[in-house]
Amino acid sequence: MDAADWDRKYEGRELVYGEAPNATLVEVATTLNRGRALDLASGQGRNAIWLATRGWTVDAVDFSSVALTAANRVAATAPRSVRERLTWIHADVTELPTAPNYDLVLMFYLHLPPNERRKAVSAAVSALKPEGILMILGHHTANLDAGVGGPQEAEILYTPDDLVSDIDSRLTIVTAENRYRHVSEATAIDALLLASRSPLGSEPDRG
């Protein structure tokens, strides 16, 4: 979908994905020292706002102006100290110039054709500080046949190994694994990648 399509999607519902942060982000980020974060394809800001409430300074990027307006509206109810840690950026993440300013870079549920996905991954890698951590999470290719929800176009889905290939040895892979989410009475399958410019753990877990 292009920006206009996403604008229409976000116009149709108050909060498309709710206010609660992603559970995998909570699991990972609560083990990290707070710093500066970049949230690529931030949508209506649920993850960016949660990080800011935990003391992170966050630049949140999305190409839907409607989503960013909604995010700003939600953030307006937060304390001033939280709002001051948030910056909303209207931009295409595949064309975003990035500098190595971030301790944590998120790319959640951004589903693009492979060439465009690799551009976004390259921008994410370039944004990391020497000790920075990249976290990518999205709908797994297997979700089409064995899971539920998410895009139904195989070309824009991916596996953990696809993400490892996208990184192309530019980072140390910490985790590359499948994740499972319970959705109503079904299970959604996600692909998770954690990577860093410096070794943070042992050999990657290929769950």
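Conventions adopted
Residues numbered from 1 in each chain as written. Predicted model: local features only at pLDDT ≥ 70, side-chain atom pairs only at ≥ 80, totals over all residues. Heavy atoms only, no water. Helix = DSSP H or I, 4+ residues; strand = E, 2+ residues; numbered from the N terminus. Contact = heavy atoms within 4.5 Å. Areas by Shrake-Rupley, 256 points an atom, 1.4 Å probe, with all protein chains shown as cover. Pairing = 2+ DSSP bridges. Axes fitted to C-alpha atoms, helices over the stretch in contact; angles between N-to-C directions. Salt bridge = Lys/Arg side-chain N within 4 Å of Asp/Glu carboxyl O. Buried < 20%, exposed > 50% of the residue type's maximum accessible area, 1.4 Å probe, protein only.

Enquirer: Before we move on, can you summarise the overall build of the chain with the specific residues and values?
Expert: Secondary structure summary: the chain contains eight helices and seven strands in total. Taking the intrachain contacts of the chain between residues at least 6 apart in sequence as the baseline, contacts between residues at least 24 apart amount to 68%. Split by element, the accessible area of the chain, about 10100 Å² in all, is 48% carbon and sulfur.

Enquirer: Just give me the short version of the sheet that holds strand E1 (residues 36-40), but keep the residues and values in it.
Expert: Strands sit in the order E3-E2-E1-E4-E5-E7-E6 across an open sheet of seven strands; the sheet is mixed. Strand pairing shows two members of the sheet lacking a second neighbour, strand E3 (86-90) and strand E6 (172-183), which therefore form its edges. Averaged over all adjacent pairs, the angle separating strand axes in this sheet is 15 degrees, with direction ignored. Sheet analysis places strand E4 (residues 102-108) next to strand E5 (residues 128-139), joined by six bridges and oriented parallel. Looking at the pairing, Phe-108 lines up with Leu-137 of E5. Its contacts with the sheet place helix H3 (residues 46-53) against E1, strand E2 (57-62), E3 and E4, and it is angled at close to 155 degrees to E3. Where helix H4 (residues 65-75) meets the sheet, it contacts E2 and E3, and its direction lies at approximately 165 degrees from that of E3.

Enquirer: Give me the lowdown on the pattern of salt bridges, citing residues and values where you can.
Expert: Under the definition given, this model contains eight salt bridges. We note a salt bridge from Asp-59 to Arg-36, for which the minimum N-O separation is 3.0 Å. With Asp-59 in strand E2 and Arg-36 in strand E1, this residue pair connects regions lying 23 residues apart in the sequence. In this structure Asp-59 comes out as buried when scored by relative accessible area, which is 7%. Note that Arg-80 and Glu-84 form a salt bridge whose closest N and O atoms lie 2.7 Å from each other. A single burial state applies to Arg-80 and to Glu-84, both of which are exposed. Sharing partners across several salt bridges, the network here consists of Glu-27, Glu-177 and Arg-179.

Enquirer: How would you summarise unusual backbone geometry if you had to cite specific residues and measurements?
Expert: At Tyr-109, a residue that is not glycine, the phi angle is positive and equals roughly 50 degrees. Along the chain, Tyr-109 falls in the loop between E4 and helix H6 (114-126). Positive phi outside glycine occurs at Asp-168, with the angle close to 55 degrees. Structurally, the position occupied by Asp-168 is in the loop between helix H8 (160-167) and E6.

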